[in-house]
Every structure is written in C-alpha cells, then in structure tokens.
Amino acid sequence: MSKHVEDSADYVVIGTGAGGATAARVLSATGASVILLEEGPSLAPEERALGLLDAMSQSLRDVATLATHSPAPMPLLLGRVVGGSTAVNSGIIWRLPDDVRAEWAAGHGLGELLEERALDAAFSRIEAELEIGEVAEDTRGGNGDLLKAGSDALGLTGRPIRRNARRCVGSARCLQGCPHGARQSMDISYVPRAIAQGARLHPLCRADRIELDRGRAGFVLGTQLTADARVACGTFRMHARRAVIVCAGAIHTPLLLWKSGVRKNVGEGYQAHPGAAVIGRFDHQVGMGFGATQAYEVPLRDRGMKIESISLPPELLAARLPGAGEEWQRSLRKLDYFAQFCAVIRMRARGRVRPSLFGSPQVRYEPLREDVATLKEGVALLVRLMFAAGAVEVLPGVAGVPERLTRAEQAELVLAEHVTRRDIHLMASHHFGTAAAGASPGHAVVDAQLQCHDVPGLYVMDASVFPSNLGVNPQHSIMAIAYRAAERLANVERPKLRSLPPPAAHASV
Amino acid sequence: MRLTTKWASELLAGFAPASDVGLSPLPGEVDYTSAFMRLRRASTRLASFGLVTAVWLAALAPFWRWGRFATISQLVPAERAVLLADLLRHPTFAVRELTLLLKLAAALALLGTASVRARSGYDNVQGTRAESGMRRRLPLTAASKERAS
Ligand SMILES: Cc1cc2nc3c(=O)[nH]c(=O)nc-3n(C[C@H](O)[C@H](O)[C@H](O)COP(=O)(O)OP(=O)(O)OC[C@H]3O[C@@H](n4cnc5c(N)ncnc54)[C@H](O)[C@@H]3O)c2cc1C
Ligand code: SF4
C-alpha cells in the first residue's frame, strides 16, 4: 500500500556515505535537528551476506553493473546502503596530499575551507574516532605478504596499509560488508553517533527533487522503496528549516541537482581513479580468503599510480581465471593458490554525468592516451611484482597478450603498441568532481562554503565537490572536508552553538 | 523469455560440466536459473539487455561459429565448454565481453553455492598457515572461528 511521510528538521542530509554521515555527525553534535535520507537499506553487521550475489544485491548499486557509456564500458562501483560506499570499501585511509590541498586552495579559492591547521584538526579527530591504524602483521594475509615480498625484491618502498579497522580479524570480505563491525564505516560509526545525538535516519528513501521555500532550498521530495530498494512503495516530503545538504556521491549528486533544476556546470569535470588487476598463481597456498581485504600498498604518486594487494571474493576470482570446462575447473579446485594485486591510476581524463532518458546516470568517460600509457606501465609492474613474489604463472588479463605468462620479461608484452584501452579491464570506485567547489561561479557549482552558487541553503558535501582527483584513496579527505564544511555551516547558521565534544576514545556512540 | 532462461541455464552450466577433473558441481547442486534471473533483475537496463544479448549470441554460436545447424541445447556438455572457451577468446571485443558476462554469472552461481565453495579451497586457510612459509606469525583465531562456524 502506498504511504506518505512528512518530517522536518533544521538540516536534511541526503546520503549516508563518507560525506553525509560526517556532516550529520557534526551538525547533530551542535544540538541542531537533522534528518538523514538514504536510498539503500540499513543493515546490521550480522545481516551481511557472504555470497557475492546476495551481498551485492543488498548493498552495491545495480549489483555493480552501472558502467561508463564508452566503447569499452568501465564498471563503476558504488555503495547503496546506509554507510554508502564506506560500507563496502576496504577502509584504506589517506590524508589529502599537500600538493592537492595547495592546488585547490590557490587555484580554486578554497584556502579558507582547507586552512591547514583546521583541516589537520579534522583529520586528527576523525582518526581518533574511527580507530585508524596500520594493518597488523598477523592479519596481512598471504596476499599482502606476497606484495610485500615482491616490492622488497624489486626495491620498491611499500608499507602496511592504514585502515579504519584496528579490530579487523582478516575475513577478507570487506566488499560484502564487514560481518564483525570491525571496519569503522559510516553505518558503524558516524550514522549511529548522529542518531544518538538526535538525528533521524530514513533508510529506503530516495530523494527525487529539491524544492525552494521562500527563495532557499527548503523541501526534499522523494520515493520510499521496498526492502530491495528497487520498487516504490510510497512518497515523502521533508522540510529543511536551515539547509538541504546533498551527499549522494559524485555520480548521483549531479543527477539530483540536475533534476531539481540546478544545472550550471553540474555533472561536468568527472574524474576517477580507474584500476586494473593482475592475478598470480603460486606453487604454495596463498589463502586469499584470509587477511585484511587490502593489506599492503606501494604508493607511486610521482608515477601517477598506486599498487595495492586486493583479495577478491571467490566468485570474482573464478570469473577472472581463463577458459571454460576442464581448463577452468582445474583452476577452480585450487582457488587458494592465487594472489591478486591492483594498480590504481590517477587518470587525467575528465568526463561528464547526466541523467539518461530513464533518469538513471549516464557517465561519459574515456581515458586519455597518456592515461592508457600509465595504465599499461602499471599493469606491467604488477606482472613483475607477481614474479618477484615467486609466482609460477601470471594471468595479466590483457587481451592480445598470452593468458598465462611464465617469465618476468614477458611483462614487456603489456607495453606493446597494439595493446589498447579496450584490452585491459578497468573498474572505478573513486569518483569526483561533478559539482566542483570553487570561488568562481563561472566554473564551479558550489562556493568555498560548499553552498550552491545559485541556490541559497543548498549545500553539497561529498566527493562531487573535489575539483580534481587525488592520487590517493579519498574517503578520509571526503570526511575531513565535510567535517570542516559542516562546522562552518553550523557556525554561520547558529552562532551560539554548543562547542563540539572532544574526540571519543572509540567510534561507538 | 522462457527460451532465454532455458539457454541461460544451459550456458552457465556449460562452463563447469560434470567431470572428474577439477571442481565439478553435482547434478542439481547449483541453481543457475535463479542466479541468472536475480542478476538480470538487479542489473541496470543496459546490463540486463547485455545479458540477454549474450545468451542469444552464445546459444546460437554453434551455427555462426561452427556452421552447425544447432543451438547450445543440441550440444553435449563437453562441446558446450569448448564453444564457450572459443567465444571467450574471440577476436571481436563484444563477443569476448558478452561471453565473460555469462561466465561471471556462472561463477556467481557456482561459488555462491556453499557446498561448491567449500570444495574450491578458497577458504582453506589452515593449509596456508602450515605450508606457505610466508607467514611468520599465525593469523588470529577469530578468523578461523568464523570459518569453522
Ligand atoms: C568497493 C569500494 C572500495 C573502496 N575502497 C576505498 C578505500 O579503501 N579507501 C578509500 O578512501 N576509499 C575507498 N572507496 C571510495 C570511497 O568509499 C568513496 O570515495 C566515498 O565513500 C564517497 O563518499 P561520498 O559521500 O561521496 O559517497 P558515498 O559514500 O557513495 O555515499 C553516497 C550515498 O548516497 C546515497 N544516495 C544516492 N542517491 C541518493 C538519493 N537520491 N536519495 C537518497 N540517497 C541517495 C547512496 O545510496 C549512498 O549511500 C571505495 C569505494 C568502493 C565502492
Ligand atoms: S577484512 Fe577485516 S574489516 Fe574487512 S570484513 Fe574482514 S574483518 Fe571486517
């Protein structure tokens, strides 16, 4: 039966990912009332399915089939669940690199927002609240051990990954959602904390349009969804007395703005960190099924890439192994003998996000020639790392190159002229720039307060506001910038606010 | 649509037919049909269309690939696997990628079946500790407890 819900609060926050949950955590701490809207369901750790199809149906948008509109479509991974993409990510934590901060401050007029001491304070507070720490040796797992061995052998400088999962027990299934609640994703940390501070969470509520109220963003209209988040079962109308804060992520924020009539510069400038992976077979058990999902990294920012160990669920690992019939079945029997590393590329290409005829996102994006060159270099390096780690056979997954390589020198084959973008499977889980922040209304969508240049009371606080990609994993930067922006908003809107409480020893509320 | 589902099931099962070699599901152990239908329902419109296209392309491949007046249904299991392996290595990008989409669906169904996953070795962490030689300290027991439960 169709139902209608109405509610009102000082702030209505759309999306509960890195940006939205952090904004709600900060605003609700000031005593303001906050409504949190989330299209996806709310899941407890013990409800997280182990099987990938079940898990993806629960919490990944379109079971990860949303892809770019390009000759070689690139899948775009997005969480659609309370906690957003943080609920399915690997928990890797990096601060905003100094060069990016400087470039955004000088080139985009964001100096005040990114003021060094204040931003560092936000980073420190988040690190204290979200249990940030290095992956311990006893949860590095065979996959992480092998990347360490490979990078040591090649003389590269690697390190254990810093994550928001100090209590990780190494079940290697972050993509399905952490069943132990060990990873401090937003559904485990800032959303419950905001609720404890008085925020009201409405899961399975998709915002469809934002409307004005006396010249300011004032109402959010939308659809209530059934438990699978796919079928409409009602409507809602939420009143924001002070501000509407859009945090639907860099693919869906521009869509919502566009549908609400905010279109200038919206959806332009999309950037990503596409990644490609290589698999290696070893003559001893690796045990990808144990360890932190991502445990070891080799940062190569000066070369435009970052290498990471990444454990795959068995379904995805199986799909990557060559052949069909006996050839495939032989490999499947020994899934514990494989390791996987990936190269994440800071591509320079820019794309565009627009609503399609059906209202779903249409993402046009194509890597530039120089991006493809960096990508090939990255894949070749992965092949060398695998052999250096002792692989007996490497499966580069590159069309036009033998399916199974047996010598490190064969890494050169990936660099051949005939290998093109189409020959390498890419995937992107870091998205940016579709409602970019900047002082100039001519180029940006939101100003240095992250308020829309064209609509008072309408804010964006997610990865959409980043003027560019970073070359490092972004969730920490998104949280810190949302933290700063929400603090500034609270101070502008309510000068006599209670000051924020000191950082908690643990993230729990 | 019934024909699509029937072919989808035959194709997905065709990637890992009953065999003495490697990982082989028992008859009826894996529900390929429902995995295919769930995947289709949850996918974007375009991906769902891609899945259907992939099924028709592969189901009719005995004809356009081998010149045999047959569909996938008329092939014996061993021939299906040979055909699918051939399509996965096809020089045309679209043929390769669409067949890979079917293989992904097959893998989701196959390894999504708990009994098959248990036989795959993926969760065989005890062995890892004993044999890899890479690990100096043993992994925490919490992970093994989870696996055992
Ligand atoms: C598989 C995966 C692994 C990753 N690993 C890492 C990592 O290890 N480290 C790292 O730093 N980053 C990682 N990332 C990236 C990181 O998680 C994202 O960059 C970050 O979460 C983005 O934050 P956001 O607030 O912009 O959007 P999201 O976190 O994606 O949140 C957006 C939320 O808005 C909701 N929403 C969308 N539209 C609507 C609507 N109309 N109405 C209501 N709700 C809506 C969505 O359902 C979603 O919950 C990973 C991402 C993925 C997908
Ligand atoms: S690897 Fe660690 S953080 Fe990830 S799901 Fe397993 S226990 Fe949780």
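Only a predicted model underlies this, so the values are computations on that prediction, with no experimental measurement involved.

A. Quick look at helix H3 (residues 45-59) of chain B. Residues and elements named next belong to chain B. Relative to the 21 Å expected for 15 residues at 1.5 Å per residue, H3 spans 21 Å between its end C-alpha atoms, a close match to the ideal helical length. Among all positions in H3, only Ala47, Ser48, Gly50, Leu51, Val52, Ala54, Val55, Ala58 and Ala59 are buried. In the core, the buried residues of H3 are packed alongside helix H1 (2-14), helix H2 (32-42), helix H4 (61-66), helix H5 (77-88) and helix H6 (93-111).

B. Examining the site of ligand 1 more closely. Residues and elements named next belong to chain A. Surveying the vicinity of ligand 1 reveals 36 residues, the closest of which are Gly19, Glu38, Ser85, Ala207 and Gln475. Contact distances for ligand 1 include 3.5 Å between an oxygen atom and a backbone N or O atom of Gly84. Gly91 places a polar main-chain atom, nitrogen or oxygen, 3.3 Å from an oxygen atom of ligand 1. Protein coverage of the free-state accessible area of ligand 1, which is 1,000 Å², stands at 95%. Put simply, the parts of the chain that give the shell around ligand 1 at least two residues each are helix H1 (18-29), strand S7 (205-213), helix H7 (249-259) and helix H11 (475-493). Per-element accounting of the shell around ligand 1 gives the leading share, 3 residues, to S7. Taken together, the residues of the shell around ligand 1 break down into 14 nonpolar, 16 polar and 6 charged.

C. Broad picture of the site of ligand 2. Residues in close proximity to ligand 2 total 15 residues, the closest being Cys168, Ser171, Ala172, Cys174 and Cys178 of chain A. A per-class count over the shell around ligand 2 returns 7 nonpolar, 5 polar and 3 charged.

D. Molecular detail of the pattern of salt bridges. In the structure shown here, the tally under the stated rule is 41 salt bridges over all chains. In this structure, Glu129 of chain A and Arg193 of chain A form a salt bridge, with 3.5 Å as the shortest nitrogen-oxygen distance. Linking Glu129 of chain A in helix H4 (residues 116-129) with Arg193 of chain A in helix H6 (residues 190-196), this pair joins segments that are 64 residues apart in sequence. The exposure classification of Glu129 of chain A matches that of Arg193 of chain A, with both residues buried. Of the charged contacts, one joins Arg65 of chain B and Asp86 of chain B as a salt bridge, the two residues approaching to 2.5 Å between their closest N and O atoms.

E. Local environment of the domain arrangement of chain A. Residue and element names in this part refer to chain A. Domain boundaries in chain A define domain 1 (1-67 + 74-91 + 94-131 + 191-267 + 433-509) and domain 2 (136-163 + 268-431). Taken together, the 37 residues of domain 1 in the interface contact 40 residues of domain 2. When domain 1 packs against domain 2, the two sides together hide about 3,300 Å² of surface, and 57% of this comes from carbon and sulfur. The interface formed by domain 1 and domain 2 contains 1 salt bridge. Between Arg301 and Asp99 there is a salt bridge whose closest N-O contact spans 3.1 Å.

F. Molecular detail of the interface of chain B and chain A. Tallying the contact residues gives 56 residues for chain B and 66 residues for chain A. Carbon and sulfur atoms make up 59% of the surface buried where chain B meets chain A, a total of about 5,000 Å² over both sides. Across the contact surface, chain B and chain A share 3 salt bridges. A salt bridge links Arg89 of chain B to Glu403 of chain A, with the shortest nitrogen-to-oxygen separation between them at 2.7 Å. Our count for the contact surface shared by chain B and chain A stands at 16 residue pairs in polar contact (both at pLDDT 80 or more). Counting residues per element, the ones that place at least two in the side of chain B that touches chain A are H2, H3, H5, H6, helix H7 (114-120), helix H8 (125-131) and helix H9 (141-148) of chain B. The element contributing the most residues to the side of chain B that touches chain A is H6 of chain B, with 10 residues. Among the residues making up the side of chain B that touches chain A, the classes are represented as 29 nonpolar, 12 polar and 15 charged.

G. Here's a closer look at the sheet that holds strand S15 (residues 351-355) of chain A. The sheet built from 4 strands is open, its strands ordered S16-S15-S10-S18 (chain A) with antiparallel pairing. This sheet does not close on itself; its edge strands, each paired only once, are strand S16 (361-364) and strand S18 (431-432) of chain A.

H. View of the confidence of the model for chain A. For chain A, per-residue confidence averages 95 on the pLDDT scale, and residues scoring 70 or more make up 96% of the total. Note on residues 495-509 of chain A: pLDDT is under 50 here. Beyond four places in sequence and across chains, it has 35 contacts.

I. Region of interest: the pairing of strand S1 (residues 3-14) of chain A. Residues and elements named next belong to chain A. Note: S1 against strand S9 (residues 232-246), 11 bridges, orientation parallel. Among the inter-strand pairings, Ile14 is bridged to a residue of S9, identified as Val246. In terms of strand pairing, S1 meets strand S2 (residues 34-37) through 4 bridges, oriented parallel. Counterpart to Val12 in the pairing with S2 is Ile35.

J. View of the sheet that holds strand S17 (residues 393-395) of chain A. Residues and elements named next belong to chain A. Strand order across the open sheet formed by 6 strands is S4-S12-S13-S14-S11-S17, with antiparallel pairing between neighbours. Two strands lie at the open edges of the sheet, namely strand S4 (159-160) and S17, each paired on one side alone. Bridge analysis of S4 against strand S12 (residues 296-300) gives 2 bridges, and the strand direction is antiparallel. Bridge pairing in S12 places Arg159 opposite Glu297. Its contacts with the sheet put helix H5 (residues 141-154) on S12, strand S13 (305-309) and strand S14 (338-345), and the angle it makes with S12 is roughly 40 degrees.

K. Geometry of the confidence of the model for chain B. On average, residues of chain B carry a pLDDT of 86, and 83% of them reach 70 or more. Confidence metrics for the complex model read pTM 0.94 and ipTM 0.91.

Rules used throughout
- Residues numbered from 1 in each chain as written.
- Chains lettered and ligands numbered in written order.
- Predicted model: local features only at pLDDT ≥ 70, side-chain atom pairs only at ≥ 80, totals over all residues.
- Heavy atoms only, no water.
- Helix = DSSP H or I, 4+ residues; strand = E, 2+ residues; numbered from the N terminus.
- Expected span 1.5 Å × (residues − 1).
- Buried < 20%, exposed > 50% of the residue type's maximum accessible area, 1.4 Å probe, protein only.
- Contact = heavy atoms within 4.5 Å.
- Near = heavy atom within 4 Å.
- Polar contact = N/O pair within 3.5 Å; in protein donor to acceptor, adjacent residues only side chain to side chain.
- Areas by Shrake-Rupley, 256 points an atom, 1.4 Å probe, with all protein chains shown as cover.
- Nonpolar A, V, L, I, M, F, W, Y, C, P; charged D, E, K, R; others polar.
- Salt bridge = Lys/Arg side-chain N within 4 Å of Asp/Glu carboxyl O.
- Domains from an automatic or database assignment.
- Buried area = accessible area lost by both parts, 1.4 Å probe.
- Pairing = 2+ DSSP bridges.
- pLDDT = per-residue confidence, 0-100.
- Axes fitted to C-alpha atoms, helices over the stretch in contact; angles between N-to-C directions.

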